[in-house]
Amino acid sequence: MALSREGPAAQAGVLEADVALAAGGDPLAFERLYRTHVARIYSLARRMLGTPDADEVTQDIFVRTWQKLGQFRGDSAFGTWLHRLAINVVIERRRSSAVARDRIADDPAALDAAVVPPFRSDLAVDFDHAIERLPAGAREIFVLHDVEGYKHREIAAMLEIAAGTSKRQLHRARMLMRAYLR
């Protein structure tokens, strides 16, 4: 009896079937999806947040995945959708927990030395609203690079894209932000 190996197309078909079953509430299908993707998601969480928070955030990502699985439309590969959801969970976590970053000075006297111009209501802009208006790909790169401080090579590894794609998306995002903020 010969051993058969499933090719990528057959494996993709099994994955699609598991996605459909899990979206319908099948916990065993969801467990198979979890086992397929947990190492990659844990690695992402560890890279973005550090080892101490990676376990908890990975669990949060898969809880959110279970909750939102019915919203997966199949416009992209499931792994791509899950990766984007994971990055969104990580970014939410970073904002809410105010993770200390090496690039931020902990010197409280630094705030006393900072010169802050008086508030001018005619110059007020809604920066968050402008970011929300960015197309999804450009928004991710903009937030990861200009807000979170990641390098293009790190973003490329996290999103599984080329560094050049990250640079192009950032340029596009900055041009759109300039237009939105005018």
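Structure first, text after, so check above.
Residues numbered from 1 in each chain as written. Predicted model: local features only at pLDDT ≥ 70, side-chain atom pairs only at ≥ 80, totals over all residues. Heavy atoms only, no water.

Peer 1: Sorry if this is basic, but what is going on with the overall build of the protein chain here?
Peer 2: Broken down by element type, the protein chain carries nine helices and zero strands. Accessible surface, the protein chain: about 12,100 Å² in total, of which carbon and sulfur atoms supply 54%. (Helix = DSSP H or I, 4+ residues; strand = E, 2+ residues; numbered from the N terminus. Areas by Shrake-Rupley, 256 points an atom, 1.4 Å probe, with all protein chains shown as cover.)

Peer 1: Help me understand the packing of helix 2 (residues 27-49) against helix 3 (residues 51-68), please; the structure alone is not making it clear to me.
Peer 2: In helix packing, the relevant descriptors are the interaxial angle and the interaxial distance, both defined with respect to the helix axes. Running from N to C, helix 2 and helix 3 point in directions that differ by 140°, and their axes come no closer than 8 Å. In this view, helix 2 runs oblique relative to helix 3, as classed from their interaxial angle. By crossing handedness, the relation of helix 2 to helix 3 is classed as right-handed. The segment helix 2 lies against helix 3, with P27, F30, Y34, H37, V38, I41, Y42, A45, R46 and L49 engaging T51, D53, A54, D55, V57, T58, I61, F62, T65 and W66. In terms of residue class, the contact of helix 2 with helix 3 is made up of 13 nonpolar, four polar and three charged. (Axes fitted to C-alpha atoms, helices over the stretch in contact; angles between N-to-C directions. Parallel < 35°, antiparallel > 145°, perpendicular 65-115°, else oblique. Left-handed = near helix turned anticlockwise from the far one by under 90°. Contact = heavy atoms within 4.5 Å. Nonpolar A, V, L, I, M, F, W, Y, C, P; charged D, E, K, R; others polar.)

Peer 1: Looking at this model, I keep getting lost on the packing of aromatic side chains. Mind explaining?
Peer 2: Aromatic rings considered in pairs are described by the distance between their centres and by the relative angle of their planes. Considering all chains together, one arrives at six aromatic pairs under this definition. Residues F78 and W81 carry aromatic rings whose centres are separated by 5.7 Å and whose planes lie at 35° to one another, so their mutual orientation is tilted. Placement of both F78 and W81 in helix 4 (residues 78-97) is noted, with a separation of three residues, approximately one turn of the helix. A residue is classified by how much of its surface remains accessible, and W81, at 17% relative accessible area, is buried. (Phe/Tyr/Trp six-rings, centres within 6.5 Å; stacked < 30°, edge-to-face > 60°. Buried < 20%, exposed > 50% of the residue type's maximum accessible area, 1.4 Å probe, protein only.)

Peer 1: Sorry, what's going on with helix 8 (residues 152-159) here?
Peer 2: The α-helix advances 3.6 residues per turn, and as a result positions three or four apart in sequence lie on the same side. Turning to helix 8, its buried residues number three or more, namely H152, I155, A156, M158 and L159. Down the axis, helix 8 shows its buried residues gathered within 165° of arc, on one side only. The positive-phi residue at the C-terminal boundary of helix 8 is E160, with phi of around 55°. (Arc of directions from axis to C-beta.)

Peer 1: Just to check I follow, could you spell out the nonpolar core for this structure?
Peer 2: It is characteristic of soluble globular proteins that their nonpolar side chains tend to be buried jointly. Core analysis: the largest hydrophobic core is formed by 40 residues, its most contacted members being M48, I61, F78 and L144. Those elements that place two or more of their residues in this core are helix 1 (8-23), helix 2, helix 3, helix 4, helix 6 (127-133), helix 7 (136-147), helix 8 and helix 9 (163-181). Take this core: its biggest share by element is nine residues, from helix 4. Beyond its immediate stretch of four places on either side in the chain, M48 contacts I87, V90, R94, L144, Y150 and M158. (Core = buried A, V, L, I, M, F, W, Y, C linked by side-chain atoms within 4.5 Å.)

Peer 1: Is there a simple way to explain the pattern of salt bridges in this structure?
Peer 2: Applying the stated criterion across every chain yields a total of six salt bridges. The salt bridge involving R64 is made with E92; its shortest N-O contact spans 3.1 Å. With R64 in helix 3 and E92 in helix 4, the pair connects residues that are 28 residues apart, well separated along the chain. Relative accessible area serves as the criterion here: at 23%, R64 is assigned to the partly exposed category. Judged by its relative accessible area of 41%, E92 falls in the partly exposed class. (Salt bridge = Lys/Arg side-chain N within 4 Å of Asp/Glu carboxyl O.)

Peer 1: Help me understand helix 7 in this model?
Peer 2: Restricting attention to buried positions, one finds in helix 7 the residues A138, E140, I141, F142, V143 and L144. G149 lies just past helix 7 and shows a positive phi near 90°.

Peer 1: I keep staring at the packing of helix 7 against helix 8 and nothing clicks. Help me out?
Peer 2: The interhelical angle for the contact between helix 7 and helix 8, taken along N-to-C directions, is 135°, at an axis separation of 10 Å. Taken together, the axis directions place helix 7 and helix 8 in an arrangement best described as oblique. The chirality of how helix 7 crosses helix 8 is right-handed. Contact residues: E140, I141, L144 and H145 in helix 7; H152, I155, M158 and L159 in helix 8.

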